[in-house]
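The primary structure of each chain is shown beneath.
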Amino acid sequence: MVSDLFNTHDNSWNLGRLYSLFSEDDVVRIRSLRINVNKNDEIMWAHTKNGKYTVKSAYNAYMNDSIIPEDVSFWKRVWSLDCLPKIKFFIWNFFAYVLPVNSLLKFYNPAIDDCCPFCANEAETVMHLFVQCLIASHIWFALSLQHLISGDYNWLDDMYISWFDNNLGSSPYVVNWSSVGAVVLWSIWKLRCDVVFRKIKINLDSTIMDIRRSLHTYIVVPSKTNKVTMMKVNIPFQEVDHIIFVDGSFKKFNMSIGIVVCYNAGSIKGCRADFGLIHSVVAAETMTLILACSWVRELNLSNVLFVSDCLQLVQLVNEGKSDIDWRSLQFLEDYRSSFFSCVNSRLVYVKRDRNKITDGLARRARNFSLKNIWNPSPHFLQTSIGEVPLTEICNNLFT
């Protein structure tokens, strides 16, 4: 019985029993599932949204094609880069963490020296070689592309996703920033291989000229683009007292939550962060809204406008669409209960670049296991707050 695996007095998982029966990875997956004592145990198929077995889903699972939607989206971005196939294949190796950097080789052969071939001061990890090494940093700066690596990133895929942010502005090339960054990453790897295998001496001026020639094909005069506008919603200003921006971050069953409460004019009243385990990105976004609703009741707020950049969740709540994984249905039911208990509350969707402050808070919570409440905001968000026109964003929500 599944019920034998959790503690009945507080409806929590019995960690001792889990670790005695399953591997550590399986325990993380099990803990990401929510215990519901009001339902009987059922056998559900993990590879379909409704939990029912199909031959097609079994085939896809066997062929390792049944992956989570955000991974599908990420790899589509990799393979849709506007660059040579060999560079796309390199980027695939880059984000699959299979590039043969010295730290990885040393893992399999301890006799290998893991020093960086550029600076010989640090172990050669992927992050060090392409971002942190002084040689790599000099290349990015010399190409005036330092803004592509200047964020507070612990994961390379987070850095790559940031290259699609509209706030970076227009690329001075025919291709977008992600393709430009891919060419630079490939050029740094090419230089590294020349140093290791051909024993050449690094000539940064020559290297930078070579990279510029590689990018020269893409250079165009930047065209004047229209400013990205906010999605309008028909809500009178006087009907909203507070605006609550929410965002849930999800990576490999690790969830984090970012909540920013603003007055209707755009000034920040408070911020909140939390973290935990969850099974999907939609469940993470739903848990974020559940916590936000709970906080609204604690603060005794009414006439609240919730703002999320998860379009699927907004459609599920506002339009009653039910195309959701069976494991997330209970979270959605709990959210609806919490949401309707908030007086005069509504939920609207905005694009991700309009929710940048909360997104940054959620990512920080995931990377550093943050769980806290700030009045009005933490110090590490001050730069983002200064860059984001929060008053304008809030004003544009109203009719």
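What counts, and where the lines are drawn
- Residues numbered from 1 in each chain as written.
- Predicted model: local features only at pLDDT ≥ 70, side-chain atom pairs only at ≥ 80, totals over all residues.
- Heavy atoms only, no water.
- Core = buried A, V, L, I, M, F, W, Y, C linked by side-chain atoms within 4.5 Å.
- Buried < 20%, exposed > 50% of the residue type's maximum accessible area, 1.4 Å probe, protein only.
- Helix = DSSP H or I, 4+ residues; strand = E, 2+ residues; numbered from the N terminus.
- Contact = heavy atoms within 4.5 Å.
- Polar contact = N/O pair within 3.5 Å; in protein donor to acceptor, adjacent residues only side chain to side chain.
- pLDDT = per-residue confidence, 0-100.
- Axes fitted to C-alpha atoms, helices over the stretch in contact; angles between N-to-C directions.
- Parallel < 35°, antiparallel > 145°, perpendicular 65-115°, else oblique.
- Left-handed = near helix turned anticlockwise from the far one by under 90°.
- Nonpolar A, V, L, I, M, F, W, Y, C, P; charged D, E, K, R; others polar.
- Pairing = 2+ DSSP bridges.
- Disulfide = S-S within 2.5 Å.
- Phe/Tyr/Trp six-rings, centres within 6.5 Å; stacked < 30°, edge-to-face > 60°.
- Lys NZ or Arg CZ within 6 Å of the ring centre and 35° of its normal.
- Salt bridge = Lys/Arg side-chain N within 4 Å of Asp/Glu carboxyl O.

Quick look at the nonpolar core now. One finds F90, I91, F94, F118, F130, I139 and W140 to be the most contacted residues of the largest nonpolar core, which totals 49 residues. Of all the elements in the fold, those that place two or more residues in this core are α4 (69-79), α5 (85-95), α7 (126-132), α8 (134-142), α9 (156-162), α10 (177-197) and α11 (204-216). For this core, the leading source of residues is α10, giving twelve residues. In this structure, F118 is in contact with L129, C133, I135, I188, L191, R192, V195 and I202, ignoring residues within four places of it in sequence. Residues V296, L301, V314 and C342 belong to the second largest nonpolar core, which totals 31 residues.

Mapped onto the fold, S280 is located in the loop between β5 (268-277) and α12 (281-299). Its relative accessible area of 15% is what places S280 among the buried residues. Separated by 3.2 Å, the side chain of S280 and the backbone nitrogen of A283 make a polar contact. Apart from residues lying up to four places away in sequence, S280 is in contact with F250 and S328.

This next bit is on the confidence of the model for the chain. Taken over all residues, the pLDDT of the chain has a mean of 84, while the share at 70 or more is 90%. The low-confidence segment residues 218-230, where pLDDT is below 50, has 23 contacts with residues more than four positions distant or belonging to other chains.

Interhelical geometry of α8 versus α10 gives an angle of 140° and a closest axis separation of 11 Å. If you check the angle between α8 and α10, you find them oblique. Relative to α10, the crossing made by α8 is right-handed. Residues A136, I139 and W140 of α8 pack against G181, V184, L185, I188 and L191 of α10. Of the residues that constitute the contact of α8 with α10, the class distribution is seven nonpolar, one polar and no charged.

The next subject is the sheet that holds β5. Across the sheet, six strands lie side by side as β7-β6-β3-β4-β5-β8; this open sheet has mixed pairing. Edge positions in the open sheet fall to β7 (346-349) and β8 (372-374), since each of these has one partner strand only. Sheet twist, expressed as the mean angle between neighbouring strand axes with direction ignored, is 20°. Pairing of strand β3 (residues 242-251) with strand β4 (residues 254-263) involves ten bridges; the strand directions are antiparallel. Paired with K251 across the strands is N254, a residue of β4. Running at roughly 145° to β3, α12 makes contact with β3, β4, β5, β6 (304-308), β7 and β8 of the sheet.

Taken as a whole and assessed by the stated rule, the structure comprises zero disulfides. The thiol sulfur of C271 is not disulfide-bonded, and the nearest other cysteine sulfur, from C262, lies at 7.5 Å. Judged by relative accessible area, C271 falls into the buried class, the value being 0%.

Take the packing of aromatic side chains next. For the structure on display, the rule yields 18 aromatic pairs. Seen from their ring centres, F74 and F95 are 5.2 Å apart, and the 90° between their planes marks the pair as edge-to-face. Of this pair, F74 sits in helix α4 while F95 sits in helix α5, and the two are 21 residues apart along the sequence. Like F74, the residue F95 is buried in the burial classification. Through a chain of ring-to-ring contacts, the aromatic side chains of F74, W75, F90, F94, F95, F130, W140, Y160, W163, F164 and W189 assemble into a single cluster. One residue, R77, lies across the ring of F164, its end atom 4.4 Å from the ring centre. One residue, R364, lies across the ring of F380, its end atom 4.5 Å from the ring centre.

One pass over the structure, following the stated rule, counts twelve salt bridges. Salt-bridge contacts for E239 lead to R346; the nearest nitrogen and oxygen are separated by 2.6 Å. Note that E239 is positioned in the loop between α11 and β3 and R346 in strand β7, a separation of 107 residues in sequence. Using a relative accessible area of 36% as the deciding quantity, one classes E239 as partly exposed.

N375 connects to P376 through a cis peptide bond whose omega is 5°. Of note in the backbone geometry, Y97 takes a positive phi value of approximately 55° without being a glycine. The topology assignment puts Y97 in the loop between α5 and α6 (102-108). Positive phi outside glycine occurs at N303, with the angle close to 55°. Structurally, the position occupied by N303 is in the loop between α12 and β6. You can call N303 buried: its relative accessible area is 19%.

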